[in-house]
Number of protein chains: 2
Amino acid sequence: MASRGPYAKGLAKRGEILDAALEEFGRRGYDRTSMREIARQTGLSQAGLLHYFSTKEELFLAVLRRRDDRATAPDEDSHIHSVKRLLDAVARNAGEPGLVRLFVSMSAESVDGDGMAHGFFVDRYRWLIHEIAGDIRAQQEAGKASTAIDAEDAASILVAVADGLQLQWLLDPDSVDMADRIAKLWSILKVAE
Amino acid sequence: MASRGPYAKGLAKRGEILDAALEEFGRRGYDRTSMREIARQTGLSQAGLLHYFSTKEELFLAVLRRRDDRATAPDEDSHIHSVKRLLDAVARNAGEPGLVRLFVSMSAESVDGDGMAHGFFVDRYRWLIHEIAGDIRAQQEAGKASTAIDAEDAASILVAVADGLQLQWLLDPDSVDMADRIAKLWSILKVAE
DNA sequence: GTCTATATTATGATAGAC
DNA sequence: GTCTATCATAATATAGAC
């Protein structure tokens, strides 16, 4: 609530930088994005930008964490992820190719162990799949979902389909209706014998 | 058959370069891989390497095409891709993280329209899904697969799961048995009501 | 076919003034 | 908090000798 205070301006600028960085990282990938370009877009010199984020990696991780928050926070009531939320997120993402690109390409790039964001993505997938598996298990126990498939397997598959479809969609947007396809899959899994 | 001739040495060297490049691109991604490093690994100077592939992009595309061949050619009888082949490829890939990494990260990196390999991956996905959809349709007509889901949808989903699971597996190899999971999915899709 | 040398252009980061 | 240098690398690609 402290919209005035010693840090007000700095915080606003930080937000502006994160917006621009999200845009650039999402559009061009980590390696091809330069600090100079992000600085330029926010009306700073490169050195000025480094006052806010003293390394490129630091800025990158801040961008990832912030996007993660968006996907989690401003939604429904529960703080738990669920199948429904995953489906919603996929549908929503069709309007934000930059975000999708960011996550698809960043998670792929972070794959090698020494990579900057490796830990971030490992944790994120573990958490996401665990949450969704919990939701599926609850639905199974309530008799609303088939027990023909293990909840953990189903969760992992749904997350995998979401990622894979996003990749197909990014490469060829007209060829895929992501939300429709993943919804069909879930409707089948839900009633499998 | 011409193991001797004016080009024999050049061709062998080309192969050696492609092997090293595949390894490096797969391990570090396109941007982080330098021509100098590939040259070093093949006992060439950077300029010497450029005699074989005059730009980095050219080398990269040669690597992609070659890997694509591998996945297609040395398999069974038919020249057509199929669900079975996709499942086999996923199982096989668990032994070749470098290859998986190459394709996951390269396809993600190629996402922007101006990217070097965009066309390659767009074509590849179209073809792959089309082939697999054809196989599924054939199974449906033979009464071996359920018609509860559209063949095109199912093919897209299976390819998406393969990609997504590979990503999960790369990030956290112990957490996923890719082949098992995708096989379970297919067994469910096959008998869906 | 392969090399050395170099041109050119970027990058991330630091030092220090204002 | 922001700037102007500048440093130190590192990259692809070219020119031209051998």
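It should be emphasised that the depicted structure is a prediction, and the values quoted were computed from it without experimental measurement.

**Some words on the pattern of salt bridges**
Going through the model one piece at a time under the given rule, you end up with 24 salt bridges over all chains. The residue E23 of chain A makes a salt bridge to R27 of chain A at a minimum N-O spacing of 3.9 Å. A residue pair is termed a helical-turn pair when its members lie 3 or 4 positions apart in one helix, as E23 of chain A and R27 of chain A do in helix α1 (residues 8–28) at four residues. For R27 of chain A, a relative accessible area of 41% translates into the label partly exposed. For R66 of chain B, the salt bridge identified is with D19 of chain B, shortest N-O distance 2.9 Å. Here the residue R66 of chain B occupies a position in helix α4 (residues 56–72), and D19 of chain B occupies one in helix α1 (residues 8–28), the gap between them amounting to 47 residues.

**With respect to the interface of chain B and chain A**
Across the boundary between the two partners, chain B contributes 43 residues, which contact 43 residues of chain A. Summing both partners gives a buried area of about 3900 Å² for chain B against chain A, and 63% of it is carried by carbon and sulfur. Sorting the residues of chain B by area buried against chain A places R32, V111 and L171 of chain B first, and these three jointly supply 17% of that buried surface. Viewed at the interface, chain A and chain B are joined by eight salt bridges. Residue D172 of chain B pairs with R126 of chain A through a salt bridge whose shortest N-O separation is 2.9 Å. In this assembly, chain B and chain A are joined by 12 residue pairs in polar contact (both at pLDDT 80 or more). Of the residues in the side of chain B that touches chain A, the class split is 22 nonpolar, seven polar and 14 charged.

**Some details on the packing of aromatic side chains**
What the rule picks out here adds up to 12 aromatic pairs over all chains. Aromatic rings pair up to connect F25, Y30 and F60 of chain A into one cluster. The ring of Y30 of chain B is capped by K56 of chain B, whose NZ or CZ atom sits 4.5 Å from the centre of that ring. Lying across the ring of F103 of chain B, R67 of chain B places its NZ or CZ 4.4 Å from the centre.

**Observations concerning the UniProt feature "DNA-binding region" (unreviewed entry) in chain A**
Under the UniProt annotation, the feature "DNA-binding region" (unreviewed entry) is placed at residues 34–53 of chain A. Secondary structure across residues 34–53 of chain A comprises 70% helix and 0% strand; the distance between its end C-alpha atoms is 13 Å.

**Digging into the environment of D68 of chain B**
With respect to the helices and strands, D68 of chain B occurs in helix α4. For D68 of chain B, the residues in contact, after removing those within four places along its chain, are F103, F120 and R124 of chain B.

**Digging into the protein's contact with DNA strand D**
Taken together, 18 residues lie around DNA strand D, and S45, A47 and Y52 of chain A together with R36 and Q46 of chain B are the ones closest in. Sugar and phosphate atoms constitute 45% of the interface atoms of DNA strand D, taking the interface as everything within 4 Å of the protein. The contact in question runs from a phosphate oxygen of DNA strand D to an N or O atom on the backbone of M35 of chain B, over 3.3 Å. Q46 of chain B has a polar side-chain atom sitting 2.7 Å from a base nitrogen of DNA strand D. Of all the secondary-structure elements, those providing two or more residues to the surface near DNA strand D are α3 (46–52) of chain A together with α2 (35–41) and α3 (46–52) of chain B. With four residues, the single largest contributor to the surface near DNA strand D is α3 of chain A.

**Brief notes about the relation of the copies chain B and chain A**
Placing chain B over chain A gives an RMSD of 0.1 Å and needs a rotation angle of 180°, together with 0.0 Å of translation along the axis. Given the turn and translation reported, the copies of this chain are related as if by a two-fold rotation axis. The fraction of interface residues of chain B whose copies in chain A are also interface residues reaches 100%, indicating that both copies meet through the same surface.

**Describing the nonpolar core**
Grouped together as the largest cluster of nonpolar side chains are 126 residues, with contacts concentrated most on L59 of chain A together with L59 and L64 of chain B. If sequence neighbours within four positions are ignored, L59 of chain A has contacts with I17, L18, A21, F25, M35, I38 and F53 of chain A.

**With respect to helix α7 (residues 118–141) of chain A**
Here α7 of chain A spans 35 Å end to end across 24 residues, near enough to the 34 Å set by a 1.5 Å rise per residue. Positive phi shows up at G143 of chain A, right after α7 of chain A, with a value of about 75°.

**Some remarks on the environment of E37 of chain B**
One can find E37 of chain B in helix α2. Note: C-alpha distance between E37 of chain B and E24 of chain B (13 residues apart in sequence) is 8.3 Å.

**Describing the protein's contact with DNA strand C**
Within the structure, DNA strand C sits among 17 residues, and Q46 and K56 of chain A together with S45, A47 and Y52 of chain B are positioned closest to it. Counted by atom, the contact set of DNA strand C within 4 Å of the protein is 49% sugar and phosphate. Between DNA strand C and S34 of chain A there is a distance of 3.2 Å, counted from a phosphate oxygen to a side-chain nitrogen or oxygen. At the level of secondary structure, the elements contributing two or more residues to the surface near DNA strand C comprise α2 (35–41) and α3 of chain A together with α3 of chain B. Among the residues forming the surface near DNA strand C, the class breakdown is six nonpolar, eight polar and three charged.

**Description of the packing of helix α8 (residues 151–171) of chain A against helix α8 (residues 151–171) of chain B**
With their axes 6 Å apart at the nearest point, α8 of chain A and α8 of chain B run at an angle of 105° to one another. Regarding the angle of α8 of chain A to α8 of chain B, the classification is roughly perpendicular. Only S156, I157, V159, A160, V161, D163, G164, L165, L167 and Q168 of chain B of α8 of chain B make contact with α8 of chain A, whose side of the interface consists of S156, I157, V159, A160, V161, D163, G164, L165, L167 and Q168 of chain A. Taken together, the residues that form the contact of α8 of chain A with α8 of chain B break down as 12 nonpolar, six polar and two charged.

So, how was this worked out
Residues numbered from 1 in each chain as written. Chains lettered and ligands numbered in written order. Predicted model: local features only at pLDDT ≥ 70, side-chain atom pairs only at ≥ 80, totals over all residues. Heavy atoms only, no water. Salt bridge = Lys/Arg side-chain N within 4 Å of Asp/Glu carboxyl O. Helix = DSSP H or I, 4+ residues; strand = E, 2+ residues; numbered from the N terminus. Buried < 20%, exposed > 50% of the residue type's maximum accessible area, 1.4 Å probe, protein only. Contact = heavy atoms within 4.5 Å. Buried area = accessible area lost by both parts, 1.4 Å probe. Polar contact = N/O pair within 3.5 Å; in protein donor to acceptor, adjacent residues only side chain to side chain. Nonpolar A, V, L, I, M, F, W, Y, C, P; charged D, E, K, R; others polar. Phe/Tyr/Trp six-rings, centres within 6.5 Å; stacked < 30°, edge-to-face > 60°. Lys NZ or Arg CZ within 6 Å of the ring centre and 35° of its normal. UniProt positions renumbered as here; feature names shortened; annotations may be inferred. Near = heavy atom within 4 Å. Least-squares fit on C-alpha atoms with pLDDT ≥ 70 in both. Core = buried A, V, L, I, M, F, W, Y, C linked by side-chain atoms within 4.5 Å. Expected span 1.5 Å × (residues − 1). Axes fitted to C-alpha atoms, helices over the stretch in contact; angles between N-to-C directions. Parallel < 35°, antiparallel > 145°, perpendicular 65-115°, else oblique.

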